[in-house]
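Here is how the chains run, residue by residue.
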Amino acid sequence: MKKGSIAIAVQWLLLVCLVVSTIAKTGSGTAATGNRDFPADTKLDKWDGSAGQTYLQQLIIQSGGLGIGLGFLFSIFMFFHLMCWGMCSPCCRCCCFRYKKVKLQSCWDNQDNYKWFLLASLLIFLISIAGVGIIFGNQSHLYEDIGQTFDHAKEFIGDWADFQCAGLIVDDFRSGKSLSDVQDQYGGTAGAIAKCSVTSVGGFLHGANTQVNTTFQTIINLIDGMQNIINSLNNTIDKVENTTSIATAINATVYLMKNQSELINSTLVDTLATSSNFSAYLPRPADIPKVESQDTYIPGQAVNSLAEAKNELVNARQGISPTIVDDLLLKTKPEIQSQWGSIYRSLLDIESQMLKHVNQALSKEDNIDSTKSSTTSSETYGELAMALLYSLSCVFLLTMIIGYLCKKRWPICLGGYLIFFTFLWLAFILGIFLVLSMISYDICGCEGTYSVESCQTLITMLRTNLGSTEVKVRDDKVLVADIVQQILECPNRVNDQGIYDYSPDSNFIDIMQVLGAFNFSKEVQKPIIQLNNATSSLYVSRYVDQVLNQTGNARNAMALVAVATAYNFSSDYNQYNDLLTGLRGLNPAQYYSGVYNPVTNQQNIDRLSGILKPSNEEMEANRDSLNEHKRNYNISIDQINVAANAINAAVENSRRDIGNSVNEIYNMVNYILTVNRYTPCAIIGKAYKNIWITDFCDNVYETLDGVVPGAILCLAAMLTGFFLLIMMRDCVRIIQEDWREDQNDIRMGIVSADGKKQNFAFSQDNAVSGQVANAGPSSPQVRIDATRVPTKSPDHYGTNLAYIKIRTGNI
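The notes below deal with the structure included here. (Residues numbered from 1 in each chain as written. Predicted model: local features only at pLDDT ≥ 70, side-chain atom pairs only at ≥ 80, totals over all residues. Heavy atoms only, no water.)

### Some words on the state of the cysteines
And then number 1: Under the criterion given, the structure shown has 4 disulfides.
And then number 2: The disulfide partner of cysteine 444 is cysteine 697, and the gap between their sulfur atoms is 1.9 Å. On the sign convention where negative is left-handed, the bridge of cysteine 444 and cysteine 697, at about -85 degrees about the S-S bond, is left-handed. Pair noted here: cysteine 444 is in helix α15 (residues 409-444) and cysteine 697 is in helix α23 (residues 682-747), with a separation of 253 residues, a long-range link.
And then number 3: For cysteine 444, a relative accessible area of 2% gives the class buried.
And then number 4: Judged by relative accessible area, which is 1%, cysteine 697 ranks as buried.
And then number 5: Taken N- to C-terminal, the disulfide-bonded cysteines of the protein chain are connected 1-2, 3-8, 4-5, 6-7.
And then number 6: Here cysteine 394 stays unpaired: no disulfide links it, and the sulfur of cysteine 714, its closest cysteine neighbor, is 5.6 Å away. (Disulfide = S-S within 2.5 Å. Helix = DSSP H or I, 4+ residues; strand = E, 2+ residues; numbered from the N terminus. Buried < 20%, exposed > 50% of the residue type's maximum accessible area, 1.4 Å probe, protein only.)

Have a look at this one:
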């Protein structure tokens, strides 16, 4: 065989491998070679209709009947080929395929042509090896792709968990803690939610908990605190009544002092009349403190002013009590408590469900890891499965080629039969891969560009099958088919710190256009109206001003009451006591200026001991009591003023706090409206791109479609090798028959020289010697030098029968 022929064969082989491998690596692949009407706009449950049947027919046709059709067709050809070339029975050979006719054909008669058969066989064998190589090269990254799919699924679960509640809770669940363990550890659902990152949905819910609790608790505290205003009014009214009683006591004390002053004065006059000498021992009647008329009626005026102050306080109480008690305490507070409990319980239910979902999602991470481990455990031989399966084509072809090289027909027959019986199954496997690659290609519709934007057929299919599926968010209904593309194409927008950077096109709420469902303004209008109405009724300034005015009048009036303020009653008492002692002494007459009269003396003793001394003490005590009453009175007035001002301040503060509470309610509503800042949808877009576009549309399709070119090469090599090597079986037969004929001729002493047979004599040891017995000058002389008759078959020596060295020449 010439080297040039081998080089040409190798060049053609490289060209075929290059073309096939290029087709295998193109973005479209073999699945894109045909036109199919994929019913993306038809629901899956409607595929039994005309659209689905048409697509199924196209798949069957373009895949050669799932490979079975073409496999069966070629198997028929292979069967007839077996029959025509005598693989079933020599009697099956007919017409031009009869052995005798085949043997006489020029291409068969010239054994130099056999080398071309061998070269073609080797080329076919190498093509099958190339096909297996393509399959192996395609399958070599199969487990890497499988592992990547599991990693993407696990990554999505982690992203989904972080989306809901990033932080300690996720770590706790991953450490094996149950939901109840986590709730017990952090003091319930609300405590657990408080551990979520502020950027997650859990962080938003914790903020909602705080807002709701703070807002409603503030309002409840405010309403309860406002009840103190009524209590303060009641206490202040009591203080006014107490002050009134003090004023009444002052008035009574003044009248007592008036009577005592008059009694002391008249008694002194009577006593002084009995002796002119008594003036040196007794105070002058004119010096005795007197109660003026104003001292008797001014306390009454103060009482009247206090009564007016009390009336103003009562009016103030009657003015705000319906608002504070009836409206706020009995109506608004239960409404607030009811809504508080309802909203908070709803939040807790949502939070509990969310924690449950996070726990369930994270529990699947271990399942994914174990499934990945068990799936990839067969990597060492799994990647070789398809290559080994189609390497049968190489084995069978090699068996037939070896049979040809060894000039044995049974290996050729064995390889041929094996190819015949396995071709249909390998074609069926090819058909399955081809159909699956077509379906994958058609579902995705990526056309070689694997991105969310380019794979529109898959999105169309999703939208079609979602149909009228709706998502209800409170009273808002969203048609999923209208938003699925936006969610799947959702961009990942984060700032330099990796925190979600809000934009209307990158979160679930805005894409679904359901932000209005989170607007609770309508629900809170009733308590807001009740609170605002309360502020319009909470005014006591006018009443308090009147109270302060009246208490001022009462204070000023009472300040005019002053009886014996600085009078020295002790000095008078001493004078009374000294004179009484003298009158009771041994010489009472010395105190009298006239004739001493014991009766008069006794009368004076009685006046001093029974009237002047006691009255002086009582008046002094009443003076002190009056001063004490006035002091207490002023203190009480001050307390009334302070209380009145405090009531007015409390009411004003309540009005302000009610306004603040209304603002807090609006702040709570506005906070809830920031839910779109906590619902980025990039995790869905990321998972869709990774799992569907990359893993399914790209990797799965390329894995399926990448097998097809190699399998086609293997099947084509099997088919062409089968047809060629089955025919080459006759080459072996011809070679064997020629060898047997030449062997027999040699053993009979006949050798062909110039087309004539010559006789030779053989010795005992098969040595030959002799010459041609042919006359004529031109007759060749043949001399056979000591050589041996071949005793081995052509399988050992090859096709050249030059066992005998013949030298010819003219004699």
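### Focus on the packing of helix α19 (residues 525-537) against helix α22 (residues 598-672)
And then number 1: Where α19 meets α22, the closest approach of the two axes is 9 Å, and the angle between their N-to-C directions is 165 degrees. One finds that α19 runs roughly antiparallel with respect to α22. The two elements α19 and α22 cross, and the hand of that crossing is left-handed. On α22, the residues that touch Gln525, Ile528, Leu531, Asn532, Ala534 and Thr535 of α19 are Arg655, Ile658, Val662, Ile665 and Tyr666.
And then number 2: Looking at side-chain class alone, the contact of α19 with α22 contains 7 nonpolar, 3 polar and 1 charged residues. (Axes fitted to C-alpha atoms, helices over the stretch in contact; angles between N-to-C directions. Parallel < 35°, antiparallel > 145°, perpendicular 65-115°, else oblique. Left-handed = near helix turned anticlockwise from the far one by under 90°. Contact = heavy atoms within 4.5 Å. Nonpolar A, V, L, I, M, F, W, Y, C, P; charged D, E, K, R; others polar.)

### Some details on the packing of aromatic side chains
And then number 1: The tally for this structure, following the rule as stated, stands at 19 aromatic pairs.
And then number 2: The interplanar angle of 70 degrees and the centroid separation of 5.9 Å between the aromatic rings of phenylalanine 163 and phenylalanine 508 together place this pair among those described as edge-to-face. A residue pair is termed long-range when its members are at least 10 positions apart, and phenylalanine 163 in helix α7 (residues 142-165) and phenylalanine 508 in helix α18 (residues 508-512) qualify at 345 residues. Both residues of the pair, phenylalanine 163 and phenylalanine 508, belong to the buried class.
And then number 3: Judged by centre distance (5.6 Å) and plane angle (85 degrees), the ring pair of phenylalanine 722 and phenylalanine 723 falls under edge-to-face.
And then number 4: Through pairs of rings, three or more aromatic residues link up here, namely Phe156, Trp160, Phe163 and Phe508.
And then number 5: Its end group placed over the ring of tyrosine 502, arginine 677 keeps NZ or CZ at 3.8 Å from the ring centre. (Phe/Tyr/Trp six-rings, centres within 6.5 Å; stacked < 30°, edge-to-face > 60°. Lys NZ or Arg CZ within 6 Å of the ring centre and 35° of its normal.)

### Things to note about the layout of surface pockets
And then number 1: Each pocket or cavity is described by its volume, and for the largest pocket that value is around 1,200 Å³.
And then number 2: If you go around the largest pocket, you meet 43 residues; those closest to its centre are Val473, Ile509, Phe518, Val675 and Thr679.
And then number 3: Residue contributions to the lining of the largest pocket peak at 8 residues, all from helix α12 (residues 293-376).
And then number 4: Looking at the lining of the largest pocket residue by residue, the classes come out as 35 nonpolar, 6 polar and 2 charged.
And then number 5: Quantified by volume, the second largest pocket comes out at close to 580 Å³.
And then number 6: Taken together, 24 residues line the second largest pocket, and the ones lying closest to its centre are Asn492, Val494, Pro680, Ala682 and Ile683.
And then number 7: When contributions to the lining of the second largest pocket are tallied by element, the ones reaching two or more residues are α7 and α23.
And then number 8: Ranked by residues supplied to the lining of the second largest pocket, first place goes to α23 with 5 residues. (1 Å grid on protein atoms, 1.4 Å probe; cavity = no way out; pocket = protein on both sides within 12 Å on 5 of 7 lines; lining within 4 Å. Points joined across faces, edges and corners; volume = space filled by probe spheres on them.)

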